[in-house]
Amino acid sequence: MKKTLLIATVAATTAMTAQFASAARDYISIVGSSTVYPFATVVAERFGKSTNYKTPKVESTGSGGGLKLFCQGVGVQHPDITNASRRIKSSEVKLCESNGVNDIVEVLIGYDGIVIGNAKKAEIMQLTRKDIFLALAKQVPAKDGSEKLIDNPYKTWKDVNPALPNKKIEVLGPPPTSGTRDAFAELAMEGGCKKFDWIKQIKKDSKAAKKAGDKKLAKSLKKKYKSICHTVREDGPYIEAGENDNLIVQKLNANPNALGVFGFSFLDQNADQIQGSIVDGKEPTFESIADGSYPVSRPLYFYVKKAHVGVIPGMKEYLTEFTSNKAFGEEGYLTEKGMIPLGEGERARVAGDVKTMKNLQL
């Protein structure tokens with residue numbers, strides 16, 4: 001009986017594989033991050049022109065939206081690759097596993113900075129991460145110095161910090177599904193939130209509880225800390241502008257008092273129209289992001305569905321192109337598009353992992 005069951009299982013698997021192969025698309029399907037989108041598009045176009053394979057189809061869905069689509073299952077109706085401007089979450093790995101997507105290859109491609117900028121015709125803002133947190137958090141520490149939170153009362157930048165302009169707080173930014181939004185919350189807002197010692201202590205207490213084996217308390221404290229530091233206010237000053245960064249540029253030009261949140265690569269490509277604010281004394285430049293001195297920077301990734309490699313034409317070749325020195329190297333064509341390259345050793349490691357199709361390890 002066991003032998004019969006094994007034969008039936010193998011037959012079913014073989015039939016599914018054959019059906020997948022016979023119905024295979026003749027192009028690679030890529031979804032995900034709006035920040036990684038221009039880089040993936042350039043690689044796709046060059047790949048289509050320089051090989052006998054069709055140009056991959058690249059869609060901008062946001063990091064969260066792309067991973068959700070990617071994790072829906074194996075087969076031609078699902079994407080082969082998803083781009084992400086943050087690392088995949090353990091909850092997303094579990095979603096993938098629940099739908100039979102078990103083997104994933106993670107590819108770190110480079111770095112990007114998160115910019116909070118405005119139109120070139122406006123004055124450059126000089127902000128700290130603490131200013132950003134106080135301007136945009138849903139709840140902020142009370143002014144009396146007590147360890148309690150109040151609903152954000154700040155209406156102008158001058159309310160936040162007397163050294164800032166007396167301008168209404170208006171920030172156009174991405175929605176929660178965006179990796180840019182996640183990175184902005186983690187790097188900019190949390191970076192400012194931690195300037196309050198009593199809030200920073202919550203995170204320390206969470207780690208201490210975890211070390212002591214009290215997982216329930218650790219989880220509760222971690223959730224509390226993240227809620228304080230990452231939750232964006234919903235009473236008007238932060239305006240969700242969708243995944244389309246071009247729309248943000250149009251709105252910034254129409255309203256010089258407004259600020260926008262976007263990736264450095266987008267600033268680099270639109271430097272004739274927009275400028276980045278100075279954050280904690282550092283201007284967002286290629287050099288300051290590369291050397292780590294600009295405080296709001298992040299890694300960029302894409303994720304590959306291993307089950308589609310060898311079935312969808314050109315998958316291995318596309319990965320080889322993306323991780324070649326001519327593409328993501330120090331003087332590669334992606335650097336010309338504004339991506340901050342990895343160091344030589346890190347690039348070699350990534351290229352090696354792609355060659356061996358090393359499985360994701362969180």
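Just so we're clear, the structure is a prediction, and the values are computed from it rather than from any experiment.

Draft legend 1. Inspection of the overall build of the protein chain at higher detail. A tally of regular secondary structure across the protein chain gives 16 helices and 13 strands. Over its C-alpha trace the protein chain gives a radius of gyration of 23 Å, about what one expects of a compact globule, namely 21 Å for 362 residues. Expressed as lengths along the three principal axes of its C-alpha atoms, the size of the protein chain is roughly 75 × 50 × 35 Å. Out of the 362 residues in the protein chain, the part that is buried amounts to 50%. The long-range fraction of contacts in the protein chain, counting pairs at least 24 apart against all pairs at least 6 apart in sequence, stands at 74%. In the form shown here, the protein chain has an accessible surface area of approximately 17,700 Å², with 51% of it arising from carbon and sulfur atoms. Side-chain charges of the protein chain comprise 52 positive and 41 negative groups, with the mean position of each set lying 6 Å from the other.

Draft legend 2. Seen up close, the packing of aromatic side chains. All chains considered together, the criterion is met by eight aromatic pairs. Ring centres 5.8 Å apart and planes at 5° place the aromatic pair Phe47 and Tyr53 in the stacked group. By relative accessible area, Tyr53 is classed as partly exposed at 30%. One aromatic cluster is present, formed by Phe47, Tyr53, Phe302, Tyr318 and Phe322 through successive ring pairs. The ring of Tyr333 has Arg46 sitting right over it, with the charged end atom 3.9 Å from the ring centre.

Draft legend 3. Spatial organisation of the packing of helix H8 (residues 197-211) against helix H9 (residues 215-230). Two elements in contact, H8 and H9, have axes separated by 8 Å at closest approach and are oriented at 155°. In terms of axis orientation, H8 runs roughly antiparallel to H9. Judged by the twist between their axes, the crossing of H8 over H9 is left-handed. Listed contacts from H9 to Ile199, Lys200, Ile202, Lys203, Asp205, Ser206, Ala209 and Lys210 of H8 are Leu217, Ala218, Leu221, Lys222, Lys224, Tyr225, Ile228 and Cys229. Across the contact of H8 with H9, the residue classes break down as nine nonpolar, one polar and six charged.

Draft legend 4. Looking closely at unusual backbone geometry. Positive phi, normally seen in glycine, also occurs at Asp280, with a value near 50°. Position of Asp280 relative to the elements: it lies in the loop between strand E12 (278-279) and helix H12 (286-290).

Draft legend 5. Region of interest: the nonpolar core. Judged by nonpolar contacts, the single largest core of 51 residues is most densely connected at Ile132, Leu136, Trp157, Val171 and Phe184. Formed by 45 residues, the second largest nonpolar core is a distinct cluster that contains Val42, Val43, Phe47 and Met339.

Draft legend 6. Just the pattern of salt bridges, in detail. Counted under the stated rule, the structure contains 12 salt bridges. Here Arg86 makes a salt bridge to Asp182, at a shortest N to O gap of 2.7 Å. Of this pair, Arg86 sits in the loop between strand E3 (81-84) and helix H4 (90-98) while Asp182 sits in helix H7 (residues 179-193), placing them 96 residues apart in sequence. Taking the relative accessible area as the measure of exposure, Arg86 reaches 10% and is therefore buried. Asp112 is paired through a salt bridge with Arg298; the nearest N and O atoms lie 2.9 Å apart. Of the two residues, Asp112 is situated in strand E4 (residues 104-119) and Arg298 in strand E13 (residues 297-305); the sequence distance between them amounts to 186 residues. One exposure class covers both Asp112 and Arg298, and it is buried.

Draft legend 7. Here's a closer look at the side chain of Asp112. Here Asp112 falls in the buried class, since its relative accessible area comes to 1%. A polar contact of 3.2 Å, which involves the side chain of Asp112, links it to the backbone nitrogen of Ser265. Sequence-distant contacts of Asp112, defined by excluding residues within four places in its chain, comprise Thr35, Gly263, Phe264, Ser265, Ile289, Ser297, Arg298 and Leu300.

Draft legend 8. Structural detail: the pairing of strand E1 (residues 29-32). Across the two faces of E1 the burial is the same, with Ser29 and Val31 and Ile30 and Gly32 all buried. Both E1 and strand E2 (residues 57-58) contribute to a ladder of two bridges, which runs parallel. Paired with Ile30 across the two strands is Val58, which belongs to E2. The handedness of the E1 to E2 crossover, carried by helix H2 (residues 37-50), is right-handed. Pairing of E1 with E3, which is carried by three bridges, proceeds in the parallel orientation. Opposite Val31, over in E3, you have Thr82 as the bridge partner.

Draft legend 9. Structural view of the side chain of Lys305. Note on placement: Lys305 falls in strand E13. Asp80 provides the closest opposite charge to the buried, salt-bridge-free Lys305, at an N-O distance of 6.5 Å. From its side chain, Lys305 meets the backbone oxygen of Gly73 in a polar contact 2.7 Å long. Ignoring anything within four residues of it in the chain, the contact list for Lys305 reads Phe70, Gly73, Val74, His78, Pro79, Asp80, Val101, Asp103 and Met315.

Draft legend 10. The arrangement of H8 in detail. Between the first and last C-alpha of H8 there are 21 Å, a value that for 15 residues agrees with the 21 Å anticipated at 1.5 Å per step. In the core, the buried residues of H8 are packed alongside strand E6 (139-141), strand E7 (149-151), H7 and H9.

Draft legend 11. Representation of a positive patch on the surface in the model. A surface patch of positive charge is lined by Lys130, Lys194, Lys195, Lys200, Lys204 and Lys207. Per-element tally for the positive patch: the top contributor is H8, with three residues. For Lys130, a relative accessible area of 34% translates into the label partly exposed.

Definitions and cut-offs
- Residues numbered from 1 in each chain as written.
- Predicted model: local features only at pLDDT ≥ 70, side-chain atom pairs only at ≥ 80, totals over all residues.
- Heavy atoms only, no water.
- Helix = DSSP H or I, 4+ residues; strand = E, 2+ residues; numbered from the N terminus.
- Rg over C-alpha atoms; globule rule 2.2 N^0.38 Å.
- Buried < 20%, exposed > 50% of the residue type's maximum accessible area, 1.4 Å probe, protein only.
- Contact = heavy atoms within 4.5 Å.
- Areas by Shrake-Rupley, 256 points an atom, 1.4 Å probe, with all protein chains shown as cover.
- Lys, Arg positive; Asp, Glu negative; His and termini not counted.
- Charge placed at Lys NZ, Arg CZ, Asp CG, Glu CD.
- Phe/Tyr/Trp six-rings, centres within 6.5 Å; stacked < 30°, edge-to-face > 60°.
- Lys NZ or Arg CZ within 6 Å of the ring centre and 35° of its normal.
- Axes fitted to C-alpha atoms, helices over the stretch in contact; angles between N-to-C directions.
- Parallel < 35°, antiparallel > 145°, perpendicular 65-115°, else oblique.
- Left-handed = near helix turned anticlockwise from the far one by under 90°.
- Nonpolar A, V, L, I, M, F, W, Y, C, P; charged D, E, K, R; others polar.
- Core = buried A, V, L, I, M, F, W, Y, C linked by side-chain atoms within 4.5 Å.
- Salt bridge = Lys/Arg side-chain N within 4 Å of Asp/Glu carboxyl O.
- Polar contact = N/O pair within 3.5 Å; in protein donor to acceptor, adjacent residues only side chain to side chain.
- Pairing = 2+ DSSP bridges.
- Right-handed = clockwise from strand over helix to strand, strands pointing away.
- Expected span 1.5 Å × (residues − 1).
- Patch = residues over 30% accessible without salt bridge, like charges linked within 9 Å, V, L, I, M, F, W, Y side chains within 5 Å.

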